[in-house]
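Residues per chain are reported as follows:
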Amino acid sequence: MNFELIIDVVLLALLVATAIGIASLRQLFPVAMLAGIYSLLSACFFVLMDAVDVAFTEAAVGAGMVTVLFLATFALTSRTELPTRPRRRQAALIAVFLTGALLMLATRDMPHFAAADAPIHSHPLYERYTVTSNEEIAVPNVVTSVLASYRGYDTLGEVTVIFTAGIAVWMLLAGRSRRNKSAKGMQH
Amino acid sequence: MKLREEQTILRIVSKLLLPFILLFALYVQFHGDYGPGGGFQAGVIFATGIVLYGLVFGLEAAETALPPRWLQVLMPLGLLLYAGVGVANILLGGEYLNYNTLDAHDPVHGQHLGILLVELGVGITVAAVMVSVFYAFSDRGKD
């Protein structure tokens, strides 16, 4: 048994334990903390798979930003989860197991991790992104050259999505409190 | 969301950490060509610094350091910078977002410049959106 396999097993076991913890808790404050830990563990897992850029995003967004936003949301809504009826809990459990089984079935069609004959290595673009990009763009981090140059349209779309989401949240939440403030200001 | 005044250790430690967090965000932003990272990660890390400041020293302090009115300008500014690079490419005679045209003599240099500007646009928009979402949530929580 090699060393990396042991780390993989430990990390996945911790992920499962965290997920069970999240599902079983009713208090939402520890749930937010556990969700942050879940993100951090996922980021470690991505690093093991050599996807450092993805791991970086997961750690910054999942563990850092989302946890804070969860806490801010609890301040607006409630800190405890309402109990669900046992009937619905059973239905949810069946749905989760069915989906999980389908996903596991789907992985049988996927190539093995880091397999040399995986379709991604025989695709015509493989050569372009990993070899030709050194002359065309000359950026050592291939992820950056793909993300910002070859797939510039996609990234522009992603930024537009983030911008739209930001504007939507701002219009929904900030608008009302400003009106309250100006109403209060008129009373004084 | 403001912590009580006697949280001295938390206040001092976060004050010590803040410049390094913001500096690290800039490093991730401009070093994305060579190492892991880029505009998305840098924007979120920068926003995390402001959020930490807001959590420890209060929302008013954070809003003084980075006023919400600036965010309303910065949010579209990043996106317009990104889209504007594409328009500049068209005006220089290339396809939309084909950075080769940015430097008439050396297309590789044009690519570097284009990626730098585009990533900067991503970083500005992401940081501004994250901070403004945090402001919106915490501001609402006070009522």
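This one's a predicted model, so the numbers in the text were calculated from it and none came from an experiment. (Residues numbered from 1 in each chain as written. Chains lettered and ligands numbered in written order. Predicted model: local features only at pLDDT ≥ 70, side-chain atom pairs only at ≥ 80, totals over all residues. Heavy atoms only, no water.)

Draft legend 1. Spatial organisation of the interface of chain B and chain A. Taken together, the contact between chain B and chain A spans 45 residues of the former and 45 residues of the latter. Around 4,100 Å² of area is buried between chain B and chain A when both sides are counted, 74% of it from carbon and sulfur atoms. It is F40, F137 and R140 of chain B in chain B that bury the most area against chain A; as a group they hold 16% of the surface buried on that side. There are zero salt bridges connecting chain B and chain A. Mapped onto the side of chain B that touches chain A, the elements with two or more residues apiece are α1 (8-30), α2 (39-57), α4 (68-91) and α5 (107-142) of chain B. The element contributing the most residues to the side of chain B that touches chain A is α5 of chain B, with 18 residues. Tallied by class, the residues present in the side of chain B that touches chain A amount to 29 nonpolar, eleven polar and five charged. (Contact = heavy atoms within 4.5 Å. Buried area = accessible area lost by both parts, 1.4 Å probe. Salt bridge = Lys/Arg side-chain N within 4 Å of Asp/Glu carboxyl O. Helix = DSSP H or I, 4+ residues; strand = E, 2+ residues; numbered from the N terminus. Nonpolar A, V, L, I, M, F, W, Y, C, P; charged D, E, K, R; others polar.)

Draft legend 2. Up close: α2 of chain B. Residues and elements named next belong to chain B. The first and last C-alpha atoms of α2 sit 27 Å apart over 19 residues, in line with the 27 Å expected at 1.5 Å per residue. Burial analysis of α2 places 14 of its 19 residues in the buried class, which makes it a mostly covered element. The positive-phi residue at the C-terminal boundary of α2 is G58, with phi of around 100 degrees. (Expected span 1.5 Å × (residues − 1). Buried < 20%, exposed > 50% of the residue type's maximum accessible area, 1.4 Å probe, protein only.)

Draft legend 3. Summary view of a nonpolar patch on the surface. On the surface, F3, I6, I7, V10 and L14 of chain A cluster together into a nonpolar patch covering about 450 Å² of accessible area. Inspection of the secondary structure puts F3 of chain A in helix α1 (residues 3-24). (Patch = residues over 30% accessible without salt bridge, like charges linked within 9 Å, V, L, I, M, F, W, Y side chains within 5 Å. Areas by Shrake-Rupley, 256 points an atom, 1.4 Å probe, with all protein chains shown as cover.)

Draft legend 4. Seen up close, the nonpolar core. Counting 46 residues, the largest nonpolar core has M65 of chain A together with Y82, Y99, V126, V131, F134 and Y135 of chain B as its most contacted members. Elements with a contribution of two residues or more to this core: α3 (52-76) and α8 (152-187) of chain A together with α1, α2, α3 (59-65), α4 and α5 of chain B. By residue number, the principal contributor to this core is α5 of chain B, which donates 13 residues. Leaving out residues up to four positions away in the same chain, V126 of chain B has contacts with I162 of chain A together with F40, G43 and V44 of chain B. (Core = buried A, V, L, I, M, F, W, Y, C linked by side-chain atoms within 4.5 Å.)

Draft legend 5. Seen up close, the packing of aromatic side chains. Residues and elements named next belong to chain A. Taken as a whole and assessed by the stated rule, the structure comprises seven aromatic pairs over all chains. Taking the centre distance of 5.0 Å and the plane angle of 40 degrees together, the rings of Y129 and Y150 count as tilted. Remark: Y150 occurs in helix α7 (residues 142-150) and Y129 occurs in helix α6 (residues 124-136); sequence separation between them is 21 residues. A relative accessible area of 16% means that Y129 is categorised as buried. (Phe/Tyr/Trp six-rings, centres within 6.5 Å; stacked < 30°, edge-to-face > 60°.)

Draft legend 6. Representation of the pattern of salt bridges within the structure. Residues and elements named next belong to chain A. Summed over the entire model, instances satisfying the criterion amount to three salt bridges over all chains. A salt bridge links E136 to R128, with the nearest nitrogen and oxygen atoms 2.9 Å apart. The partly exposed category is assigned to E136, whose relative accessible area is 30%. The partner of D154 in a salt bridge is R151, with the nearest N and O atoms 3.7 Å apart. Using a relative accessible area of 41% as the deciding quantity, one classes D154 as partly exposed.

Draft legend 7. Focus on the packing of α1 of chain A against helix α2 (residues 28-48) of chain A. Residues and elements named next belong to chain A. Contact geometry of α1 with α2 gives a least axis separation of 9 Å together with a crossing angle of 160 degrees. Between α1 and α2, the interaxial angle falls into the category roughly antiparallel. You can see that α1 and α2 cross each other, and the crossing is left-handed. In this structure, α1 uses E4, I7, D8, L11, L12, L14, L15, T18, A19, G21 and I22 to contact α2, whose residues at the interface are V31, L34, A35, I37, Y38, L41, S42, C44, F45 and L48. Of the residues contributing to the contact of α1 with α2, the split by class is 16 nonpolar, three polar and two charged. (Axes fitted to C-alpha atoms, helices over the stretch in contact; angles between N-to-C directions. Parallel < 35°, antiparallel > 145°, perpendicular 65-115°, else oblique. Left-handed = near helix turned anticlockwise from the far one by under 90°.)

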